[in-house]
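Report on the structure
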Amino acid sequence: MDPTRDFVKDVKRVILKVGTAVVTRADGRIALGRLGALCEQVKELNSEGYEVILVTSGAVGVGRQHLQKPQHELDGKACAAVGQSGLMALYDTLFSQLDVTSSQLLVTDYDFKEPNFRKQLSETVNSLLDLKVIPIFNENDAISTRKAPYEDSSGIFWDNDSLAALLALELKADLLILLSDVDGLYSGPPSDPKSKLIHTYIKEKHQGEITFGDKSRLGRGGMTAKVKAAVYAAYAGIPVVIVGGSSTDNILKVLEGKRVGTLFHQHAHFLVPEKHTSAREMAVSARECSRRLQGLPSHDRRKILLDIADALEANVDLIKAENEADVAAAEQAGYEKSLISRLMLKPGKISGLSKSIRVLADMEDPIGRVLSRTELADGLILEKTSCPLGVLLVVFESRPDALVQIITEAIPDTVGGKLIGLVTSRDEIPDLLKLDDVIDLVVPRGSNKLVSQIKESTKIPVLGHADGICHVYVDKSVNMDMAKHIILDAKVDYPAACNAMETLLVHKHLLETGALNELCLDLKVEVLLYSTMQARVFVMEPVLDLVLRLLRGSGQVVDGDKGVVYTHKKLAV
């Protein structure tokens, strides 16, 4: 749980506001997928004991879709009258599929001027929530007397954002979530690569710094209205989170205390550390330090690597203690066993890492090596020279805090301690992925889902991975004792790793001699082994037959590589 979101532990009554841009697609039609995901999240919260109140827009959009006339010919109030019943019918259908009952409450700003109305509203909503019924509010645009501009000095609320904020106060909600078509409040237009997502809004700091972009295509006020409503509710004591409504689980993430969207809180200035290094500042600092590192002589860079190896060995106990705390936290949080296994530091891991660093230090300096020379013309020679990759963004699936801090301490002041920066939450990664002008390569070290998300979210080159070929081939000339040792190590030593053995390939000669049966019997002691019919153990001739199996789809015993044409030849650049 993010420290700034610790308050969600005490949340019971939640108000969700869904904007027009979330309810509808770009073509104006209802976004059924998003609404379905919304209803599923509401169902889950309802089952967990939360009291959920929904404020929805979209009636005008549904009305326009039903009337099927050019927008300039349609009266907004008529569209609202036509669309409100259709919108509620859609909610009723979706919720009924989830065994949830919903109800409709239409209000105008004039209603809230009556004290008796406000008292009755509170009593009705409380009764509905006691019955686990979801109250769905919308402004009754069809009979509202207010005209554009919607906001005026006499209006109690002026759109559904401010209605949601007003209801949060009237109904004594613990949290207000405003769903938007963007991930939260940015320092500038979200389309601008230099804009940064503001995780915690501090009025004194951000009010004069933010540049708002255009409002959404169909809503009234856009982000400006959301911020005004959020500030109004937050400073009355009700926390508010503006978060993207397109995701299928952002509401759940907010209530889990994840650092998503933008938080508005009465005590926001106490929640955020006074000095916070932004993603851009961190990346720029790393680039500046890396350039100083590149300028050092080879022997100085070698000394830095040796100092890092010494520092790791000197702090083994500290690193183990931090790792044990991480593992315990992961187990308590209910993480998958495979993820916890990857998080654990096995005995000898630190010493092995130190040894690898020393081997690296003793290698020939890779920087400045001439890899090839081409004479283009008389006196004109083109050289290919090796150079550093630049600034790397490495995304770990587990938390390497202690390791990074120790390594950083081993870097001399002449290079700078900011050569390695550290962020500890996935929520900070989107800001880093926008920095294609500073970061040169992204190296994700995690699940396929994480790698795919990163590839789709950045212009920076990504050194990713996918489902690889994790095969071991046993040839007929094998030393069987060695083969058993290698196969067991490839599968059993670290089965949670993405490169643990998945398929065993054996030469068909071993089938004839009985060695395959012997091998399988020994492996069954420690490995769950599937039969050949389940395509886990393949009996083959040469190892190149693996290519044939991949090209043709399957096969148990195959006849060499007939039918495969290899075209290894140089092509013109």
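Residues numbered from 1 in each chain as written. Predicted model: local features only at pLDDT ≥ 70, side-chain atom pairs only at ≥ 80, totals over all residues. Heavy atoms only, no water.

A separate point is the overall build of the chain. The number of helices and strands found in the chain is 22 helices and 15 strands. Classification of the 573 residues of the chain by burial places 42% in the buried group. Long-range pairs, those at least 24 residues apart, make up 68% of the contacts in the chain with a sequence separation of at least 6. Total accessible area on the chain stands at roughly 31,900 Å², and carbon and sulfur atoms take up 53% of it. (Helix = DSSP H or I, 4+ residues; strand = E, 2+ residues; numbered from the N terminus. Buried < 20%, exposed > 50% of the residue type's maximum accessible area, 1.4 Å probe, protein only. Contact = heavy atoms within 4.5 Å. Areas by Shrake-Rupley, 256 points an atom, 1.4 Å probe, with all protein chains shown as cover.)

The biggest cluster of nonpolar side chains holds 37 residues, and the ones touching the most others in it are Leu 16, Leu 38, Tyr 91 and Ile 177. It is helix 2 (residues 32-47) that provides the largest number of residues to this core, a total of 5 residues. With sequence-adjacent residues up to four places away left out, Ile 177 is seen in contact with Val 14, Ile 15, Leu 16, Lys 17, Val 241, Val 243, Ile 251 and Val 254. Within the second largest apolar cluster, 36 residues are counted, among which are Phe 112, Val 125, Val 133 and Leu 185. (Core = buried A, V, L, I, M, F, W, Y, C linked by side-chain atoms within 4.5 Å.)

What follows deals with the sheet that holds strand 7 (residues 240-244). Pairing in this open sheet of 8 strands is mixed, and the strands run 3-4-2-1-5-7-8-6 from one edge to the other. Since the sheet does not close on itself, it has two edges, and those belong to strand 3 (102-107) and strand 6 (200-201), each with one partner. Relative to strand 7, strand 5 (residues 175-180) is paired through 5 bridges, and the arrangement is parallel. Bridge pairing links Leu 176 to Val 240 in strand 7. Along the sheet, helix 8 (residues 222-234) makes contact with strand 1 (13-18), strand 5, strand 6, strand 7 and strand 8 (262-264), crossing strand 7 at roughly 155°. (Pairing = 2+ DSSP bridges. Axes fitted to C-alpha atoms, helices over the stretch in contact; angles between N-to-C directions.)

Here we come to the side chain of Asn 138. Examined against the element boundaries, Asn 138 turns out to sit in strand 4 (residues 134-139). Judged by relative accessible area, which is 3%, Asn 138 ranks as buried. There is a polar contact of 2.9 Å between the side chain of Asn 138 and the side chain of Gln 84. Other than its neighbours up to four places away in sequence, Asn 138 contacts Thr 56, Ser 57, Ala 59, Gln 84, Leu 87, Leu 105, Leu 106, Val 107, Asn 160 and Leu 163. (Polar contact = N/O pair within 3.5 Å; in protein donor to acceptor, adjacent residues only side chain to side chain.)

Helix 15 (residues 349-362) packs onto helix 12 (residues 298-314) with a crossing angle of 170° between their chain directions and a minimal axis gap of 9 Å. As summarised for this structure, helix 12 and helix 15 are arranged roughly antiparallel, according to the angle between their axes. The segment helix 12 lies against helix 15, with Arg 302, Leu 305, Leu 306, Ile 308, Ala 309, Asp 310, Leu 312 and Glu 313 engaging Ile 350, Leu 353, Ser 354, Ile 357, Arg 358, Leu 360, Ala 361 and Asp 362. (Parallel < 35°, antiparallel > 145°, perpendicular 65-115°, else oblique.)

In this section: the packing of aromatic side chains. Summed over the entire model, instances satisfying the criterion amount to 3 aromatic pairs. Taken together, a centroid distance of 6.3 Å and an interplanar angle of 20° make the contact between Tyr 91 and Phe 95 stacked. Taken together, the residues Tyr 91 and Phe 95, both in helix 4 (residues 76-97) and 4 residues apart, mark about one turn of the helix. (Phe/Tyr/Trp six-rings, centres within 6.5 Å; stacked < 30°, edge-to-face > 60°.)

This brings us to the pattern of salt bridges. On inspection of all chains with the given rule, the structure shows 15 salt bridges. The salt bridge involving Lys 17 is made with Asp 161; its shortest N-O contact spans 3.1 Å. Of this pair, Lys 17 sits in strand 1 while Asp 161 is found in helix 6 (residues 160-170), placing the two residues 144 residues apart along the sequence. The pair Lys 17 / Asp 161 is uniform in exposure class, with both members buried. (Salt bridge = Lys/Arg side-chain N within 4 Å of Asp/Glu carboxyl O.)

Looking at where Arg 358 falls in the secondary structure, it is placed in helix 15. Since its relative accessible area comes to 24%, Arg 358 is described here as partly exposed. Put simply, Arg 358 and Ile 308 are 50 residues apart on the chain and 9.1 Å apart in space, counted from C-alpha to C-alpha. If we skip the residues at most four places from it in the chain, Arg 358 touches Leu 306, Ala 309, Asp 310 and Glu 313. A polar atom in the side chain of Arg 358 sits 2.5 Å from the side chain of Asp 310.

Tracing the backbone shows Asn 323 in helix 13 (residues 316-332). Since its relative accessible area comes to 11%, Asn 323 is described here as buried. Excluding residues that lie within four positions of it along the chain, Asn 323 makes contacts with Leu 343, Met 344 and Leu 345.

Now for the pairing of strand 9 (residues 370-377). Across 6 bridges, the pairing between strand 9 and strand 10 (residues 380-385) is antiparallel. Bridged to Arg 373 within strand 10 is Glu 383. The turn joining strand 9 and strand 10, which pair antiparallel and follow one another in sequence, is formed by 2 residues; a positive phi near 85° is taken by Gly 379.

Here we come to the pairing of strand 12 (residues 441-445). For strand 12, a buried count of 4 out of 5 residues is recorded, marking the element as mostly surrounded by other parts of the structure. One ladder, built from 5 bridges, connects strand 11 (residues 392-396) with strand 12; its direction is parallel. Bridging from a neighbouring strand, Leu 393 pairs with Val 442 of strand 12.

Low pLDDT means the predicted atomic positions in that stretch should not be read closely. This prediction gives the chain a mean pLDDT of 78; 77% of its residues lie at or above 70. Helix 22 (residues 545-552) is the least confidently modelled element of the chain, averaging 39 in pLDDT, while strand 1 averages 93, the highest of any element. Across residues 149-154 the pLDDT falls below 50, and counting only partners more than four positions away or on other chains, this stretch makes 6 contacts in the model. Within the model, the stretch residues 540-559 combines pLDDT values under 50 with 48 contacts to residues more than four positions away or in other chains. (pLDDT = per-residue confidence, 0-100.)

Moving on: helix 12. For helix 12, with 17 residues, the first-to-last C-alpha span of 25 Å sits near the 24 Å given by 1.5 Å per residue. Listed as buried for helix 12 are Arg 301, Ile 304, Ile 308, Ala 309, Ala 311 and Leu 312. Taken around the axis of helix 12, the buried residues stretch over an arc of 165°, which confines them to a single face. In helix 12, the exposed positions angled more than 90 degrees off the buried face are occupied by His 299 and Ala 314. (Expected span 1.5 Å × (residues − 1). Arc of directions from axis to C-beta.)

Further remarks concern unusual backbone geometry. With a phi close to 60°, Asp 99 is a non-glycine residue in the positive phi region. With respect to the helices, strands and loops of the structure, Asp 99 is situated in the loop between helix 4 and strand 3. Take Asp 99: its relative accessible area is 72%, and that puts it in the exposed class. A positive phi is found at Lys 172, a non-glycine position, where the angle reads about 55°. Relative to the helices and strands, Lys 172 is located in the loop between helix 6 and strand 5. Look at Lys 172 and you get exposed, because its relative accessible area is 66%.

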